[in-house]
Protein chains: 4
Amino acid sequence: MTLKIGVIGTGAIGKEHIRRITHKLKGAQVVAVNDVNTEQAQAVVRDEALQAEVYASGVEVIQAAEVEAVIVTSWGPTHEEFVLASIAAGKPVFCEKPLAVTAEGCRQIVEAEIEAGRKLVQVGFMRRFDHSYRQLKRVLEADTIGAPLILNCVHRNPQSPSSDFSGDMALTDSCVHEFDVLRWLLDDDYVSVQVIQPRKTRLCDDELQDPHVILLRTRQGIHISIESFVNCQYGYDIQCQVVGETGTANLPEPPSVPVRHAAKLSSGILDSWKDRFIDAFDVEFQEWIDATLRGEMTGPSAWDGYVVAVTGDACVKAKYSGRIEPIELPECPDFYTN
Amino acid sequence: MTLKIGVIGTGAIGKEHIRRITHKLKGAQVVAVNDVNTEQAQAVVRDEALQAEVYASGVEVIQAAEVEAVIVTSWGPTHEEFVLASIAAGKPVFCEKPLAVTAEGCRQIVEAEIEAGRKLVQVGFMRRFDHSYRQLKRVLEADTIGAPLILNCVHRNPQSPSSDFSGDMALTDSCVHEFDVLRWLLDDDYVSVQVIQPRKTRLCDDELQDPHVILLRTRQGIHISIESFVNCQYGYDIQCQVVGETGTANLPEPPSVPVRHAAKLSSGILDSWKDRFIDAFDVEFQEWIDATLRGEMTGPSAWDGYVVAVTGDACVKAKYSGRIEPIELPECPDFYTN
Amino acid sequence: MTLKIGVIGTGAIGKEHIRRITHKLKGAQVVAVNDVNTEQAQAVVRDEALQAEVYASGVEVIQAAEVEAVIVTSWGPTHEEFVLASIAAGKPVFCEKPLAVTAEGCRQIVEAEIEAGRKLVQVGFMRRFDHSYRQLKRVLEADTIGAPLILNCVHRNPQSPSSDFSGDMALTDSCVHEFDVLRWLLDDDYVSVQVIQPRKTRLCDDELQDPHVILLRTRQGIHISIESFVNCQYGYDIQCQVVGETGTANLPEPPSVPVRHAAKLSSGILDSWKDRFIDAFDVEFQEWIDATLRGEMTGPSAWDGYVVAVTGDACVKAKYSGRIEPIELPECPDFYTN
Amino acid sequence: MTLKIGVIGTGAIGKEHIRRITHKLKGAQVVAVNDVNTEQAQAVVRDEALQAEVYASGVEVIQAAEVEAVIVTSWGPTHEEFVLASIAAGKPVFCEKPLAVTAEGCRQIVEAEIEAGRKLVQVGFMRRFDHSYRQLKRVLEADTIGAPLILNCVHRNPQSPSSDFSGDMALTDSCVHEFDVLRWLLDDDYVSVQVIQPRKTRLCDDELQDPHVILLRTRQGIHISIESFVNCQYGYDIQCQVVGETGTANLPEPPSVPVRHAAKLSSGILDSWKDRFIDAFDVEFQEWIDATLRGEMTGPSAWDGYVVAVTGDACVKAKYSGRIEPIELPECPDFYTN
């Protein structure tokens, strides 16, 4: 059984997912593509030797008779439209983050999906599929360290992406992965957020605040601290420590060769998120394909995308108010808890 | 040359320092002692075979002709009186924390010392003498990781001392060591404090809030987080990580034998502050003896004791207000900066 | 393009490879199977929903018109016959270790393959495909630690497989993986071997010598020590350290969650080779499929299988002679070096 | 009570011990010194402000009425004479390694001491006093890892001392510390030795063999491997791993600040034995002083010095014979076992 997929957006990330599905994963085939740059879409079809139609618009991909499921990797602001169209067409859709550029947009997707009566939407939060986060979750579930009380997380990039990276994007773009994965790890929800702006590094744009420290509180009262430091220079470094009632547990470091040389015992630190999460992407898409073929949807849902959007908004508000801001969410609809 | 010392207070900690001076360190001799419990003072003289007079009061110890320097290890509320009396007598005095039980008391000691025109007071903040903190400070001074931006510290005890330990003591009693050592490490001062009360552990007294997270901000804008968790169960664990502009540096773990056994690779964690800082006490007292014999005073000063007291007060205030509270200090007198 | 594979031997490991090819890897399909136990072969076809013929003999699988490549996972003593038959049929064959149960058998395979004029045989030494060994090899190739002088390797199992495990099997069965992967790591060959029998553990069969220490010397004079300890109790543990002229490099530990609990800082050690090398098997077979489809053969060759067999024989001889025994090999035929 | 000490040999190491006793340790005083270079002896007395007589010969130091105990830190070949003279004078003597330059010389000291009827001699094997070796010994004594079966040890120096360092000195000079400390760690004796000469590093004198691998076997059958690599470039590195029936235990690494910087997570490696064992020297001498004042002798004995000398000789013989050479020792006299 092969899942026939249409891909909207064949830029860097879209192309990577197409390659993944075509050359690495089982059970799926890309049969339709679209990109605002039609030549690029054609080039991908040619380069990867796809048996796929190039369509003039994303909506045409969604509506194409041969397309059974949709992947949205186009420009962020177009996500909402394509996800809604997929729901309208009754087709499962995998949407890279953000689900929509506003929380309101996410909420409309949630409503449309509930209306459709069937889970169709998965959002591209790949950390839930990362081996090390899953190892950590198993330790928590085994109750090895008792009930979690505090989480200390770190999200460091060597340099922020050039020119158009604003300080707020560290909160709304980088840290969305933490916002999602920590809820999943703890099976809990956020109730408030505070943002601290420590002394700025001089090794970035003058106008950029970097680092930030984001403090979240959950319903259970768990205190979460996330350091976001997008110009830390030394590498791409993701850390997560859970402090429980009887012990602590940390995300494992990526494996690296320990070397003794020149008066140092050292191991390597990665420098890109791509190397860090490359395997997680494979697992994410294989599980999505498998679940979709079974008629299920098991990954991060539209509701999860909505919660992350609301959290990001509260985060930006807290940054400028300097206060602890509430994160107000309606009760999670039964639709998503069953 | 031998420094003749009078010790006021021969309880557990006083006795330990007497043993240290008598059997382990060079250049000093205990010649006078006092304790509210005279029999206990006599027992120490006998057990340790001291050639020392037992005096009826602390003040008599201070005033005894043969006493050249004083160690105050009596009950906290008596410290202020004995330190002031030592200053009045023109004798160097080493006072275990707290310098005084109120910030106002500390301030009066500062004023008396300035009045006396000579540094006489050292406060018992032993972490500055700990090998691992000194290693960390050297890494910072070598500019290995650039300017510090964030500090993440942890102060965990397996269990809080019985009955009379109140939640606020975690702030004013345990964390005073962090308050002192971090200022020294960074060569900076605090400007504000916030206290977060995370979800409580169930493994302690119902009335106790545990853990706390203390957030400090320094003049340079450095953000400091101190987790105080006095019932963490698993051990006595002191951690300190500095995040700088180009890297991070951590306090080394105490050395321990790595063992592979029963499907675990493990090393031991200490369970008592005594084991953790036993060497630091030796260094602290040896350096105090040596400096005192040279007519100098090089350790934590009365001013440092005062700053810590003010910080502790602001901390308690912040805990109950739930707000970011300022830590207001006068400029450090020239007397202490020269 | 799909490689049509016939599998001979559908026991535990055969079944696992069938599942791997069918459900996980790309580009191949199992179309024919055989097992001495025909019912078992039929059960695998049914359970895994294969579209595959069950043949009455291994040779029939090899000769079946639809079979393009063969996997031999039958009982060790049958390997030689099936590999030779595959060569005779001009079909690529992947053979689990041992290639043949005698060095002479391996040599005949080598000769048959050379005669056939085309590389057809790959032996199942999966460590070359393990991520951590590849990381280590990259460090060596980058000349980070200078020329290798000494290797210290450890091969520990928690318990030896029951009843029929003889002491010599530790040398000829377990350590064959080291024999293969170290030659590959160093791009060198062995010239002599010595076997040391240390004090025996009491935690195994009285008749079993365990552990052994195998000392190998290479043409370049590199000294290799391999500890084989198949009843080490604590876990499955594979270690490899290279000492070079300017530094050392170690195989990374498998990633595991660091936990602080009950006075220990610990991380987990695996207890089975299956968990340790599960990913290596995937990579091994995917690369074999891909290469075979391209008409190439890139993994461990028949020659490698022969060298390992000769090394194992010398090893057993050295164990009983107590002397340093030469490992005598003809020059590697050009056929295998091109 | 103060132990009055005479020091013979005021070169680098002698001066260091004089400073240690005078400024750091308790209970002893240097009252007499001698050096072949009288001016140097006088300079030490002056520089360290000793109240000590400078004698014209070592024997005069030993015989001086005020001298209660002797430290021998003169040129190696003179040790035997001074130790024998101290025994003759009935005075406790601490002798830096070697006890004598020949095993025969050591044996005569053993006999003289037995004749004298009282333990007077301690040899300067400081590793027994090192905190990390003591931690390791406690783990073994607690039976945490079962009976020891194999030891893997490493002795690496960044560079061999200049010009006059011969390859054999790596065996007889550097590794004597391993020879002593491992017997003590295991409470066992050696029965044979083999020396392997791996591929040579090019980063040392052409004539020097470096590294060596020394293989020892104990009475209990424990297999010990010691890598001696005196030009390893990267640092001074002492490692010791014990493989027991149920687990393994390693010597802890010296504590060092873990730093994340420039794509590396690293900690420092020392570059000199002085930094590595500086604390061990303090403990060694304090315990010697304390024991001597009590009329006891608790450290490494003349017998231990003799065993190490015999082991070193067998080691050199094994290097040149290429064979496993026996280490033949008489039974340890009761004098030393009580």
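Residues numbered from 1 in each chain as written. Chains lettered and ligands numbered in written order. Predicted model: local features only at pLDDT ≥ 70, side-chain atom pairs only at ≥ 80, totals over all residues. Heavy atoms only, no water.

Trainee: Please provide a residue-by-residue account of the overall build of chain A, values included.
Mentor: When helices and strands are counted, chain A shows 11 helices and 15 strands. For 338 residues, the compact-globule estimate of 2.2 N^0.38 gives 20 Å, and the C-alpha radius of gyration of chain A, at 20 Å, lies within 12% of that figure. For the C-alpha atoms alone, the extent of chain A along its principal axes is close to 55 × 55 × 45 Å. Put simply, of all contacts in chain A between residues at least 6 apart along the chain, 72% involve residues at least 24 apart. Here chain A has roughly 13100 Å² of accessible surface; of this, 49% comes from carbon and sulfur atoms. For chain A, the centre of its 32 positive side-chain charges and the centre of its 49 negative side-chain charges are spaced 5 Å apart. (Helix = DSSP H or I, 4+ residues; strand = E, 2+ residues; numbered from the N terminus. Rg over C-alpha atoms; globule rule 2.2 N^0.38 Å. Contact = heavy atoms within 4.5 Å. Areas by Shrake-Rupley, 256 points an atom, 1.4 Å probe, with all protein chains shown as cover. Lys, Arg positive; Asp, Glu negative; His and termini not counted. Charge placed at Lys NZ, Arg CZ, Asp CG, Glu CD.)

Trainee: Explain the sheet that holds strand β2 (residues 28–34) of chain B to me, and be specific about the residues and the numbers.
Mentor: Residues and elements named next belong to chain B. Reading across from one edge, β3-β2-β1-β4-β5-β6 is the order of the 6 strands in this open sheet, with parallel pairing throughout. Edge positions in the open sheet fall to β3 (53–54) and β6 (121–123), since each of these has one partner strand only. As paired elements, strand β1 (residues 3–8) and strand β4 (residues 69–72) share 4 bridges and run parallel to each other. In the sheet register, Val 7 faces β4, and the bridge partner there is Ile 71. (Pairing = 2+ DSSP bridges.)

Trainee: Tell me about the interface of chain B and chain A, residues and numbers included.
Mentor: The partner chain A presents 37 residues to the 37 residues of chain B that form the contact. Counting each side, the surface lost to burial between chain B and chain A is near 2800 Å², with a carbon and sulfur contribution of 54%. Of all residues in chain B, the largest losses of buried area upon contact with chain A belong to Leu149(B), Arg199(B) and Glu245(B), amounting jointly to 26% of the total for that side. Connecting chain B to chain A are 2 salt bridges. Measuring nitrogen to oxygen at the nearest pair gives 2.5 Å for the salt bridge that ties Arg202(B) to Glu245(A). Joining chain B to chain A, the criterion identifies 11 residue pairs in polar contact (both at pLDDT 80 or more). Of all elements in the fold, only β7 (148–156), β8 (190–196), β9 (212–218), β10 (223–229), β11 (237–244) and β12 (247–250) of chain B reach the threshold of two or more residues within the side of chain B that touches chain A. Considering each element in turn, the side of chain B that touches chain A owes the most residues, 5 residues, to β7(B). The residue makeup of the side of chain B that touches chain A, split by class, is 16 nonpolar, 14 polar and 7 charged. (Buried area = accessible area lost by both parts, 1.4 Å probe. Salt bridge = Lys/Arg side-chain N within 4 Å of Asp/Glu carboxyl O. Polar contact = N/O pair within 3.5 Å; in protein donor to acceptor, adjacent residues only side chain to side chain. Nonpolar A, V, L, I, M, F, W, Y, C, P; charged D, E, K, R; others polar.)

Trainee: A description of the packing of aromatic side chains should follow, citing residues and the corresponding values.
Mentor: Residue and element names in this part refer to chain C. In this structure the tally under the stated criterion is 32 aromatic pairs over all chains. When the ring of Phe 94 is compared with that of Trp 288, the centres are 5.7 Å apart and the planes differ by 70°; the resulting orientation is edge-to-face. A residue pair is termed long-range when its members are at least 10 positions apart, and Phe 94 in strand β5 (residues 93–95) and Trp 288 in helix α9 (residues 273–293) qualify at 194 residues. Take Phe 94: its relative accessible area is 0%, and that puts it in the buried class. (Phe/Tyr/Trp six-rings, centres within 6.5 Å; stacked < 30°, edge-to-face > 60°. Buried < 20%, exposed > 50% of the residue type's maximum accessible area, 1.4 Å probe, protein only.)

Trainee: Break down the pairing of strand β7 (residues 148–156) of chain D for me, with residues and values.
Mentor: Residue and element names in this part refer to chain D. With respect to burial, β7 is a largely interior element, 8 of its 9 residues being buried. Sheet analysis places β7 next to strand β11 (residues 237–244), joined by 8 bridges and oriented antiparallel. Bridge assignment links His 155 to a residue of β11, and that residue is Ile 238.

Trainee: Account for the sheet that holds strand β3 (residues 53–54) of chain D, naming residues and giving values.
Mentor: Residue and element names in this part refer to chain D. In space, the 6 strands of this open sheet follow the order β3-β2-β1-β4-β5-β6, with parallel pairing throughout. Strand pairing shows two members of the sheet lacking a second neighbour, β3 and β6 (121–123), which therefore form its edges. As judged from the 3 bridges shared by strand β4 (residues 69–72) and strand β5 (residues 93–95), these two strands associate in the parallel manner. Within the sheet, the bridge partner assigned to Val 70 lies in β5 and is Val 93.

Trainee: Can you break down helix α4 (residues 79–88) of chain C residue by residue, with the values?
Mentor: All names here are of chain C. Turning to α4, its buried residues are His 79, Phe 82, Val 83, Ala 85, Ser 86 and Ile 87. Looking at the buried positions of α4, the neighbouring elements they touch are β1 (3–8), α3 (58–63), β4 (69–72), β5, α5 (103–116) and β6 (121–123). After α4 finishes, the residue Gly 90 shows a positive phi value of roughly 70°.

Trainee: Describe the pattern of salt bridges, naming the residues involved and giving the relevant values.
Mentor: One pass over the full model with this rule turns up 97 salt bridges over all chains. In this structure, the salt-bridge partner of Glu325(B) is Lys317(B), at a minimum N-O distance of 3.7 Å. In this structure Glu325(B) comes out as buried when scored by relative accessible area, which is 6%. When its relative accessible area of 52% is taken as the criterion, Lys317(B) is described as exposed. One salt bridge in this structure joins Glu178(C) and Arg127(C), with 2.7 Å as the shortest N-O distance. One end of the pair, Glu178(C), is in helix α8 (residues 176–186); the other, Arg127(C), is in the loop between β6 and α6 (131–141), and 51 residues separate them in sequence.

Trainee: Please provide a residue-by-residue account of the relation of the copies chain B and chain A, values included.
Mentor: Each copy superposes on the other: chain B lies on chain A with an RMSD of 0.0 Å after a rotation of 180° and an axial shift of 0.0 Å. Between the two chains, the operation in question is that of a two-fold axis. Most of the interface of chain B is mirrored in chain A: 100% of its interface residues are interface residues there too. (Least-squares fit on C-alpha atoms with pLDDT ≥ 70 in both.)

Trainee: I'd like a description of the pairing of strand β8 (residues 190–196) of chain A, backed by residues and values.
Mentor: Within a regular strand, the side chains alternate between the two sheet faces. Residue and element names in this part refer to chain A. Extensive coverage of β8 is indicated by the burial of 6 of its 7 residues. Bridge analysis of β8 against strand β9 (residues 212–218) gives 6 bridges, and the strand direction is antiparallel. Looking across to β9, one finds that Val 195 is bridged to Ile 214. In this sheet, strand β15 (residues 325–326) lies alongside β8 in antiparallel orientation, the contact comprising 2 bridges. Bridge pairing in β15 places Val 193 opposite Glu 325.

Trainee: Describe the environment of Trp184(A), with residues and values.
Mentor: All names here are of chain A. Within the secondary structure, Trp 184 sits in helix α8 (residues 176–186). Distance from Trp 184 to Gly 322, taken between C-alpha atoms, is 27 Å for residues 138 residues apart in sequence. Those residues in contact with Trp 184 that sit more than four places away from it in its chain are Arg 128, Tyr 133, Arg 134 and Lys 137.

Trainee: Could you give me a rundown of the side chain of Asp130(B), with the residues and numbers involved?
Mentor: All names here are of chain B. Mapped onto the secondary structure, Asp 130 falls in the loop between β6 and α6 (131–141). Of the residues examined, Asp 130 reaches a relative accessible area of 6% and is grouped as buried. Of the polar contacts made by the side chain of Asp 130, one reaches the side chain of Ser 132; its length is 2.4 Å. Residue contacts for Asp 130: discarding those within four places in its chain leaves Arg 276, Phe 277 and Ala 280.

Trainee: Tell me about the relation of the copies chain B and chain D, and please be specific about residues and values.
Mentor: Mapping chain B onto chain D is achieved by rotating through 180° and translating by 0.0 Å along the same axis, at an RMSD of 0.0 Å. A shared binding surface is used by both copies, with 100% of the interface residues of chain B retained as interface residues in chain D.

Trainee: Outline the environment of Val31(A), supporting the account with residue identities and numerical values.
Mentor: Residues and elements named next belong to chain A. Counting through the fold element by element, Val 31 comes out in strand β2 (residues 28–34). For Val 31, a relative accessible area of 7% corresponds to the buried category. Along the primary structure Val 31 and Glu 68 are separated by 37 residues, whereas in three dimensions their C-alpha atoms are 9.4 Å apart. Those residues in contact with Val 31 that lie beyond four places of it in its chain are Lys 4, Ile 5, Gln 51, Ala 52, Glu 53, Glu 66 and Val 67.

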